[in-house]
Amino acid sequence: MQPIPELPDDAAADDAAPRAPTDSVRARVVINCAGLYGDIVESWRPGGGAADGEWRMAHCDSQVGADAAFHITPRKGQFVVLAPPAGATPPRAVLELVPTQFTKGVIVWTTVWGTVVVGPTAEPQTSRDDRRTDEPTVRALIEHGEKCVPALKGATVLGTYAGLRPATEHRDYQIGATPTGGASGWITVAGIRSTGLTAAPGIGEYVAEIYVGLSRDEPPVHVSALGAAGPPPPDGCAVGVTHAACNPEAAPRPAPAVRNAPVPPLATLAADYRARGDGCVRLYGRPRRVTHPIASYGMEAG
Ligand SMILES: Cc1cc2nc3c(=O)[nH]c(=O)nc-3n(C[C@H](O)[C@H](O)[C@H](O)COP(=O)(O)OP(=O)(O)OC[C@H]3O[C@@H](n4cnc5c(N)ncnc54)[C@H](O)[C@@H]3O)c2cc1C
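Predicted model only: the values in this text are computed from it and were never measured. (Residues numbered from 1 in each chain as written. Predicted model: local features only at pLDDT ≥ 70, side-chain atom pairs only at ≥ 80, totals over all residues. Heavy atoms only, no water.)

A.B. asks: Sorry, what's going on with the overall build of the chain here?
C.D. replies: Within the chain, the secondary structure is distributed over 6 helices and 13 strands. Every one of the 302 residues in the chain was classed for burial, and the buried ones make up 37%. Working note: accessible area of the chain is about 16600 Å², and carbon and sulfur atoms make up 57% of it. (Helix = DSSP H or I, 4+ residues; strand = E, 2+ residues; numbered from the N terminus. Buried < 20%, exposed > 50% of the residue type's maximum accessible area, 1.4 Å probe, protein only. Areas by Shrake-Rupley, 256 points an atom, 1.4 Å probe, with all protein chains shown as cover.)

A.B. asks: Looking at this model, I keep getting lost on the pairing of strand β10 (residues 174-181). Mind explaining?
C.D. replies: The side chains of a regular strand alternate between the sheet's two faces. Bridging between β10 and strand β11 (residues 184-190) involves 7 bridges; their strand directions are antiparallel. Bridged to proline 179 within β11 is glycine 185. Remark: 2 residues form the turn of the hairpin made by β10 and β11, two consecutive strands paired antiparallel; glycine 182 in that turn has positive phi of roughly 65°. (Pairing = 2+ DSSP bridges.)

A.B. asks: When you look at the nonpolar core in this model, what are you seeing that I'm missing?
C.D. replies: Formed by 13 residues in total, the largest nonpolar core has its most connected members in Val80, Leu82, Val108, Val118, Ile142 and Leu152. When residues in this core are grouped by element, the largest group, 3 residues, is from helix α2 (residues 135-148). Core analysis: the next-biggest nonpolar cluster, separate from the first, contains 12 residues, Val29, Ile203, Tyr206 and Val207 among them. (Core = buried A, V, L, I, M, F, W, Y, C linked by side-chain atoms within 4.5 Å.)

A.B. asks: Just to check I follow, could you spell out unusual backbone geometry for this structure?
C.D. replies: Note: most peptide bonds trans; most residues except glycine with negative phi. Here glycine 119 and proline 120 are connected by a cis peptide whose omega angle stands at 0°. The phi dihedral of threonine 195 is positive, around 55°, even though this residue is not glycine. Note that threonine 195 resides in the loop between β11 and α3 (196-215). Notably, tyrosine 284 is not glycine yet its phi reads approximately 50°, a positive angle. For tyrosine 284, the location among the structural elements is in the loop between β12 (280-283) and β13 (286-289).

A.B. asks: Honestly, helix α6 (residues 293-301) in this entry has me stumped. Any pointers?
C.D. replies: Side chains of residues three or four places apart in an α-helix project in the same direction, reflecting 3.6 residues per turn. Of all the residues in α6, the buried ones are Pro293, Ile294, Ser296, Tyr297, Gly298 and Met299. The secondary structure elements touched by the buried residues of α6 are β4 (73-83), β6 (107-110), β7 (116-119), β9 (156-167), α5 (266-276) and β12. (Contact = heavy atoms within 4.5 Å.)

A.B. asks: Please clarify how the sheet that holds β11 should be interpreted in this entry.
C.D. replies: In space, the 3 strands of this open sheet follow the order β2-β11-β10, with mixed pairing throughout. The open sheet is flanked by β2 (29-32) and β10, the only strands paired with a single partner. Across the sheet, the mean angle separating the axes of adjacent strands is 10° when strand polarity is ignored. As defined by bridge partners, β2 adjoins β11 across 4 bridges and the pair is classed as parallel. Across the sheet, valine 29 pairs through a bridge with glycine 185, a residue of β11. Relative to the sheet, α3 contacts β2, β10 and β11, its axis offset from that of β11 by approximately 165°. (Axes fitted to C-alpha atoms, helices over the stretch in contact; angles between N-to-C directions.)

A.B. asks: It is not clear to me how the site of the ligand should be interpreted in this structure. Could you clarify?
C.D. replies: The environment of the ligand is made up of 21 residues, and the closest members are Lys104, Thr195, Gly196, Leu197 and Thr198. Contacts to the ligand include threonine 195, whose backbone N or O atom sits 3.3 Å from an oxygen atom. Between the ligand and glycine 196, the relevant distance is 2.8 Å, taken from an oxygen atom to a main-chain nitrogen or oxygen of the residue. In isolation the ligand offers 1000 Å² of accessible surface; the protein chains occlude 64% of this area. Most atoms of the ligand, that is more than half of them, are within 2 Å of grid points of the largest pocket. Mapped onto the shell around the ligand, the elements with two or more residues apiece are β4, β9 and α3. A per-element tally of the shell around the ligand places β9 first, with 4 residues. (Near = heavy atom within 4 Å. Polar contact = N/O pair within 3.5 Å; in protein donor to acceptor, adjacent residues only side chain to side chain. 1 Å grid on protein atoms, 1.4 Å probe; cavity = no way out; pocket = protein on both sides within 12 Å on 5 of 7 lines; lining within 4 Å. Sits in = over half its atoms within 2 Å of the grid points.)

A.B. asks: Explanation requested: the layout of surface pockets in the structure shown.
C.D. replies: In this approach a probe as big as a water molecule rolls over the atoms, and the regions it shows empty are the leftover space. Of the pockets and cavities examined, the largest pocket occupies roughly 900 Å³. Lining the largest pocket are 26 residues, and of these Phe79, Gly163, Arg165, Leu197 and His292 lie nearest its centre. Sorting the residues of the lining of the largest pocket by element identifies β4, β6, β9, α3 and α6 as the ones contributing at least two each. With 7 residues, β9 is the single largest residue contributor to the lining of the largest pocket. Taken as a whole, the second largest pocket spans an internal volume of roughly 300 Å³. Split into classes, the residues belonging to the lining of the second largest pocket amount to 4 nonpolar, 7 polar and 5 charged. (Points joined across faces, edges and corners; volume = space filled by probe spheres on them. Nonpolar A, V, L, I, M, F, W, Y, C, P; charged D, E, K, R; others polar.)

A.B. asks: Just to check I follow, could you spell out the side chain of asparagine 32 for this structure?
C.D. replies: In this structure, asparagine 32 sits in strand β2. A relative accessible area of 1% means that asparagine 32 is categorised as buried. At 3.2 Å, the side chain of asparagine 32 forms a polar contact with the backbone nitrogen of alanine 34. In contact with asparagine 32, other than residues within four places in its own chain, are Gly38, Val41, Glu42, Trp186, Ile187, Thr188, Val189 and Ala190.

A.B. asks: Looking at this model, I keep getting lost on the side chain of arginine 128. Mind explaining?
C.D. replies: With respect to the helices and strands, arginine 128 occurs in the loop between β8 (123-124) and α2. Side-chain polar atoms of arginine 128 contact the backbone oxygen of leucine 36, separated by 2.5 Å. Setting aside anything within four residues of it in sequence, one finds arginine 128 in contact with Leu36, Tyr37, Asp39, Ile40, Ile72, Pro74 and Leu164.

In short, geometric facts, not functional conclusions.
So this is what it looks like as structure tokens:
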């Protein structure tokens, strides 16, 4: 097996670490969607509502009590990006194992650039910002890729990267509301451990419905994953499926206020990326940094 190139330290810990408010913060409705710090921010949730219908956030430290409703245990996912050997055909399908309760397994897929990605792993850890990749795991990923796609033997390792999922001790997302009357409350949107990208539109609509319920001083529309129960969902919608999603014709969406022009073709973006040399592409009138390794490797390679 070829040597794995010296990996850059991609564990830049520049994430927003939780910052307790230096003074009281007042808000009628607070939405906790702090990802890896969701349990810490949740610990800031006050025990009761303020008389004037506004929350008052107390000073706090970063300790999450054992009796908290959920605790975040970051679940690292490592990936390796490969350039198939010359003449080898990269897989045309996304190769995915049968999922288990814990993980959907390591996937092998071909990017729009013709590079092949193998990952992610699922490794629980305590650190909320350590995104380093490690050599034994990267080697195991390469072996897995070669096992699934023998044509990858001798592939060049272009790079590696890792991300952290905000997993909790619960299998399900932790989404729910704590209404306090007076049109105020706290909405929890935490433990989005995986598939959050895919679920984001549904979660967004669901949270919007909870917010509307709170701000009208009504119980949440849906049964909350945290245990607060409201009336049954309208029109037989399943929990987490919004009324609008169930009834697209009954609730037509308003036309968007801003319509962006289509995104330029990848080849145009890649040419711009290489010409600029500052790690950005120009999109909708201003430079946008290309942060994902798959995209930057692809644009560098053309
Ligand atoms: C390895 C891996 C595999 C994945 N696989 C899939 C997949 O197959 N399908 C899929 O759909 N999705 C996938 N995802 C996406 C995953 O579900 C997301 O990580 C999840 O969506 C997290 O979303 P979030 O909004 O809860 O958190 P984040 O996107 O992390 O957002 C939280 C935000 O809160 C901010 N924040 C935190 N604390 C504070 C504070 N104190 N003050 C102010 N701001 C704060 C953070 O800066 C951040 O911007 C994967 C992710 C990883 C890492």
